[in-house]
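So the chains spell out like this:
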Amino acid sequence: MCAFVDKNIEKLLADDSVNDTRIKEMLKQNINVADVAMQCAANLNYSVRLQLLNMLFSVAAGDGSVNDAEVDVIRSIARYMRVADADLASISAMFTKQT
């Protein structure tokens, strides 16, 4: 999960269009995705967690498609946030091709 995130952060850090030093410094921090997702589960109501997953899929779809690695990361986040599989599948279906 983190290898995918790390790879994309490295691309973003190398992007000259990201000029804000503060953003680049924040992206260099090692943030435990599981810990953040569990904090979301503890502090956000269920509907807000669903909205957050919808936003994560929207970001993943920003390049025109959502690939398997992105779905895997979001699925992992959803589990840490204690989101039901059926709700995740419903949100995922709006952004991914169904086979």
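This text goes with the structure placed above it.
Quick notes on the rules
- Residues numbered from 1 in each chain as written.
- Predicted model: local features only at pLDDT ≥ 70, side-chain atom pairs only at ≥ 80, totals over all residues.
- Heavy atoms only, no water.
- Phe/Tyr/Trp six-rings, centres within 6.5 Å; stacked < 30°, edge-to-face > 60°.
- Helix = DSSP H or I, 4+ residues; strand = E, 2+ residues; numbered from the N terminus.
- Buried < 20%, exposed > 50% of the residue type's maximum accessible area, 1.4 Å probe, protein only.
- Core = buried A, V, L, I, M, F, W, Y, C linked by side-chain atoms within 4.5 Å.
- Contact = heavy atoms within 4.5 Å.
- Salt bridge = Lys/Arg side-chain N within 4 Å of Asp/Glu carboxyl O.
- Polar contact = N/O pair within 3.5 Å; in protein donor to acceptor, adjacent residues only side chain to side chain.
- Lys, Arg positive; Asp, Glu negative; His and termini not counted.

S.K.: How would you summarise the packing of aromatic side chains if you had to cite specific residues and measurements?
M.R.: According to the stated counting rule, one finds 1 aromatic pair in the structure shown. Between Phe 57 and Phe 95, the ring centres sit 5.6 Å apart and the planes meet at 10 degrees, which makes this aromatic pair stacked. Note that Phe 57 is positioned in helix 4 (residues 46–60) and Phe 95 in the segment after helix 6 (85–93), a separation of 38 residues in sequence. Given a relative accessible area of 23%, Phe 95 falls into the partly exposed group.

S.K.: Could you give me a rundown of the nonpolar core, with the residues and numbers involved?
M.R.: Core analysis: the biggest nonpolar cluster contains 16 residues, and Leu 53, Phe 57, Ile 74, Ile 77, Met 81 and Leu 88 have the highest contact counts within it. Within the residue set of this core, elements represented by two or more residues are helix 3 (33–43), helix 4, helix 5 (68–80) and helix 6. For this core, the leading source of residues is helix 5, giving 5 residues. For Phe 57, the contacting residues outside a window of four places in its chain are Val 66, Val 71, Ile 74, Leu 88, Ile 91, Ser 92, Phe 95 and Thr 96.

S.K.: I'd like to hear about the pattern of salt bridges, residue by residue, with values.
M.R.: Enumeration according to the criterion identifies 1 salt bridge in this entry. A salt bridge links Arg 75 to Asp 72; its shortest N-O distance comes to 2.9 Å. With a gap of 3 residues between them, Arg 75 and Asp 72 both fall in helix 5, about one helical turn apart. Classification of Asp 72 as partly exposed rests on a relative accessible area of 43%.

S.K.: Report on the environment of Thr 96, specifying residues and quantitative values.
M.R.: Mapped onto the elements, Thr 96 comes out in the segment after helix 6. In contact with Thr 96, not counting residues within four places along its chain, are Phe 57, Val 66 and Val 71. Within the local environment of Thr 96, its side chain forms a polar contact with the backbone oxygen of Ser 92, the two atoms lying 2.9 Å apart.

S.K.: Now, about the side chain of Arg 49: what can you tell me, with residues and values included?
M.R.: Tracing the sequence through the fold places Arg 49 in helix 4. It turns out Arg 49 is buried and unbridged, and the closest side chain with the opposite charge, Asp 87, is 9.0 Å from it. Sequence-distant contacts of Arg 49, that is, excluding residues within four places in its chain, are made with Cys 40, Ala 41, Leu 44, Met 81, Arg 82 and Val 83.

S.K.: Residues and numbers for unusual backbone geometry, please.
M.R.: Trans peptide bonds make up most of the peptide bonds, and negative phi angles are found at most residues other than glycine. A positive phi angle, close to 60 degrees, is found at Arg 82, a residue other than glycine. As for its position among the elements, Arg 82 is in the loop between helix 5 and helix 6. Overall, Arg 82 belongs to the exposed group, its relative accessible area being 56%.

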